[in-house]
Amino acid sequence: MELKRYFDDFEIGDSSRSNGGRTVTETDIFRAVGYGAGERMHVDREHVETTEFDDLLVQNTVLIVISSALWGDVPGWDYETPVAYGRDGMRFVNPAYPGDTLHLEVEVVDKRIREKDREAGRRRGLITINEELRNQDGDLVMVNDHHSLVPFSPDFDPE
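Conventions and cut-offs
- Residues numbered from 1 in each chain as written.
- Predicted model: local features only at pLDDT ≥ 70, side-chain atom pairs only at ≥ 80, totals over all residues.
- Heavy atoms only, no water.
- Buried < 20%, exposed > 50% of the residue type's maximum accessible area, 1.4 Å probe, protein only.
- Helix = DSSP H or I, 4+ residues; strand = E, 2+ residues; numbered from the N terminus.
- Arc of directions from axis to C-beta.
- Contact = heavy atoms within 4.5 Å.
- Phe/Tyr/Trp six-rings, centres within 6.5 Å; stacked < 30°, edge-to-face > 60°.
- Lys NZ or Arg CZ within 6 Å of the ring centre and 35° of its normal.
- Pairing = 2+ DSSP bridges.

## A look at helix 1 (residues 26-33)
Listed as buried for helix 1 are Asp 28, Ile 29 and Val 33. In an axial view of helix 1, the angular spread of the buried residues amounts to 125 degrees, which keeps them on one side of the axis. Check the buried side of helix 1 and you find it contacts strand 2 (22-23), helix 2 (40-43) and helix 4 (60-70).

Written out as structure tokens, the structure reads:
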């Protein structure tokens, strides 16, 4: 995979949206649940009918995987060898159901060079990207700040 963007190519406020989406299926739900107990909101429609929800719920873990997979479809945001540093503020704002098509929206909200990377001679910086996973109606399903350590370009002087 060709490295297309480096730490120094990103600016706070840069944003984009995945070109395509991912339609969630019941198979996705059942594969994630397996045969575990305590998953009634995901597999038992009779139970779901007694709740506030319209259908089986897509598990939070499935939403995280879909969000990660959709990164490959965000135009112009190809970067190789980032080191995942974590996620903050993850919230599952609205339910996702089988048949929903999910899209990823991203925006750079912070970037900095960590002192410990500078001291260790590591040529990388920390980028914080707000991720929003939305359904086909534009409703926010999941939100979080995703932190990645991204390499500098060969010509970038962090000083």
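Now that the structure has been shown, we can carry on.
## Brief notes about the packing of aromatic side chains
If you walk through the whole model with that rule in mind, you get 3 aromatic pairs. Aromatic rings pair up to connect Phe 7, Phe 152 and Phe 156 into one cluster. Across from the ring centre of Phe 10, 4.0 Å away, lies the NZ or CZ of Arg 5, which sits over that ring. In this structure, Lys 111 is placed above the aromatic ring of Phe 7, and the distance from its NZ or CZ to the ring centre is 4.5 Å.

## Regarding the pairing of strand 4 (residues 101-112)
By the bridge criterion, 3 bridges tie strand 1 (residues 15-17) to strand 4 in an arrangement that is antiparallel. By the bridge assignment, Arg 17 is partnered in strand 4 with Glu 105. Sheet topology note: the strand 2/strand 4 ladder contains 2 bridges and is antiparallel. The partner of Thr 23 across the bridge, within strand 4, is Thr 101. As judged from the 9 bridges shared by strand 4 and strand 5 (residues 124-134), these two strands associate in the antiparallel manner. Each bridged residue has a counterpart across the sheet, and for Glu 107 the counterpart in strand 5 is Asn 130.

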